[in-house]
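What follows is the residue order along each chain.
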Amino acid sequence: MKRKQNLGIAGLAAAAFVLTVSAAAGRTMAYFTTNVTAVGKGQIHLAPGTAEIREEEVVEWRKHITVTNTGERDCFVRLRVFAGEQERLTFLPGAKWKKGTSADEYGSAFYYYQEILPAGSTTEEFQVQISHEGLTDDLDVIVVQECTPADLYEPGMDPEQAEWTAKTETVRTISGNDGEADGA
């Protein structure tokens, strides 16, 4: 009998505890929904800079490639060209392009533009001669280009030594009622 009485008291204590916690949580939520507000606005730019292939045309089995910096910051540029039949490609880079020292498993290496590419500027042309003798099917020649911000590096730095795998993070905090952004 005493055991049933202890279970009853424990049940009442548990119910009282649950009601107390629920009441406190309700007041806490009421505080945050009533007294905490966000004020202001600000513009956030998440992409610090971009470059894209602006011109890529094939004339008489020769592919002509240029890359344009479409971002707001100066950048280093590199590109890689490959095809299913890599031996059909002959690279004819301009004087400002230099072949990188490492190649991927298919023998394709990046070519690095040897000058910093200012915002809005375009690289010197890079050409690829395509051997079409005995070609019985279509041949896709793929161009991949990448860029990284140049203002993070010392002047005169070899573009191949830049950090090409880094992720860019831009953090801006919005403060005050005037919507001004702080940080970069």
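Numbering of residues begins from 1 in every chain and follows the order in which that chain's sequence is written. Totals for whole chains, interfaces and linings use every residue, but because this is a predicted model, local features are given only for residues with pLDDT of at least 70 and side-chain atom pairs only at 80 or more, for both listing and counting. Side-chain metrics in this entry use all non-hydrogen atoms of the structure; hydrogen atoms and water are not considered.

Asks: Any chance you could explain the nonpolar core here in plain terms?
Replies: Buried together is how nonpolar side chains tend to be arranged in soluble globular proteins. Formed by 17 residues in total, the largest nonpolar core has its most connected members in Ile 65, Val 77, Leu 79, Val 81, Leu 89, Trp 97 and Phe 126. Breaking this core down by element, the ones donating at least two residues are strand 2 (62-69), strand 3 (75-83), strand 6 (109-113), strand 7 (126-130) and strand 8 (141-149). By residue number, the principal contributor to this core is strand 3, which donates 5 residues. Among the buried residues, those of types Ala, Val, Leu, Ile, Met, Phe, Trp, Tyr and Cys that are joined through side-chain atoms within 4.5 Å form a nonpolar core. Residue exposure (1.4 Å probe, protein chains only): buried if accessible area is under 20% of the type maximum, exposed if over 50%, otherwise partly exposed. Formed by 6 residues, the second largest nonpolar core is a distinct cluster that contains Phe 76, Phe 110, Ala 150 and Trp 164. For the purposes of this entry, the term helix denotes a DSSP run of H or I that reaches at least four residues, the term strand denotes a run of E that reaches at least two, and both are numbered from the N terminus.

Asks: How should the packing of aromatic side chains be read in this particular structure?
Replies: The geometry of two aromatic rings is summed up by the distance between their centres and the angle between their planes. Note on aromatic pairs: the rings of Phe, Tyr and Trp (six-membered ring only in Trp) are paired at centre separations within 6.5 Å, and the planes decide the class, stacked below 30 degrees, edge-to-face beyond 60, tilted for the rest. Across all of its chains, the model carries 6 aromatic pairs by this definition. Ring centres of Phe 91 and Phe 126 lie 6.3 Å apart, and the angle between their planes is 55 degrees; this geometry places the pair in the tilted category. Of this pair, Phe 91 sits in strand 4 (residues 89-93) while Phe 126 sits in strand 7; the two residues are 35 residues apart in sequence, bridging distant segments of the chain. When its relative accessible area of 0% is taken as the criterion, Phe 126 is described as buried.

Asks: Even after reading the chapter, I still don't get the environment of Pro 155, so can you show me in this structure?
Replies: Inspection of the secondary structure puts Pro 155 in the loop between strand 8 and strand 9 (173-174). As for Pro 155 and Ile 116, which are separated by 39 residues in sequence, their C-alpha atoms are 9.1 Å apart.

Asks: For this particular structure, what's the right way to read the side chain of Arg 78?
Replies: Structurally, the position occupied by Arg 78 is in strand 3. In terms of polar contacts, Arg 78 uses its side chain to reach the side chain of Tyr 112, at 3.0 Å. Any pair of nitrogen or oxygen atoms within 3.5 Å is treated as a polar contact; in protein, a donor-acceptor pairing is required on top of that, and neighbouring residues in sequence qualify only through side-chain atoms on both sides. Engagement of the side chain of Arg 78 in a polar contact is seen with the side chain of Glu 146, the distance being 2.6 Å. Discounting chain neighbours no more than four positions away, the residues touching Arg 78 are Trp 97, Phe 110, Tyr 111, Tyr 112, Val 144, Gln 145, Glu 146 and Trp 164. Whether two residues are in contact is decided by their heavy atoms: any pair within 4.5 Å suffices.

Asks: So what exactly am I meant to see when it comes to the sheet that holds strand 6 here?
Replies: Two pairing modes exist for strands in a sheet, parallel and antiparallel, and in both the strands are linked by backbone hydrogen bonds. Strands sit in the order 5-6-3-8 across an open sheet of 4 strands; the sheet is antiparallel. The open sheet has two free edges, formed respectively by strand 5 (97-103) and strand 8, since each of these has just one partner strand. The mean inter-strand angle of the sheet, taken between neighbouring strand axes irrespective of direction, is 30 degrees. Only strands that DSSP links by at least two bridges are regarded as paired with each other. As judged from the 9 bridges shared by strand 3 and strand 8, these two strands associate in the antiparallel manner. Bridge assignment links Val 77 to a residue of strand 8, and that residue is Cys 147. Between N-to-C directions, angles cover 0 to 180 degrees, with each direction set by a line fitted to C-alpha atoms, over the stretch in contact for helices.

Asks: Would you explain the pattern of salt bridges in this entry?
Replies: For side chains bearing opposite charge, pairing can occur when the charged atoms are close. Salt bridges are identified by distance alone: a Lys or Arg side-chain nitrogen within 4 Å of an Asp or Glu carboxyl oxygen. Under the defined criterion, the tally for this structure stands at 2 salt bridges. A salt bridge links Arg 78 to Glu 146; its shortest N-O distance comes to 2.6 Å. Of this pair, Arg 78 sits in strand 3 while Glu 146 is found in strand 8, placing the two residues 68 residues apart along the sequence. Residue Arg 78 is classed as buried on the basis of its relative accessible area, which comes to 10%.

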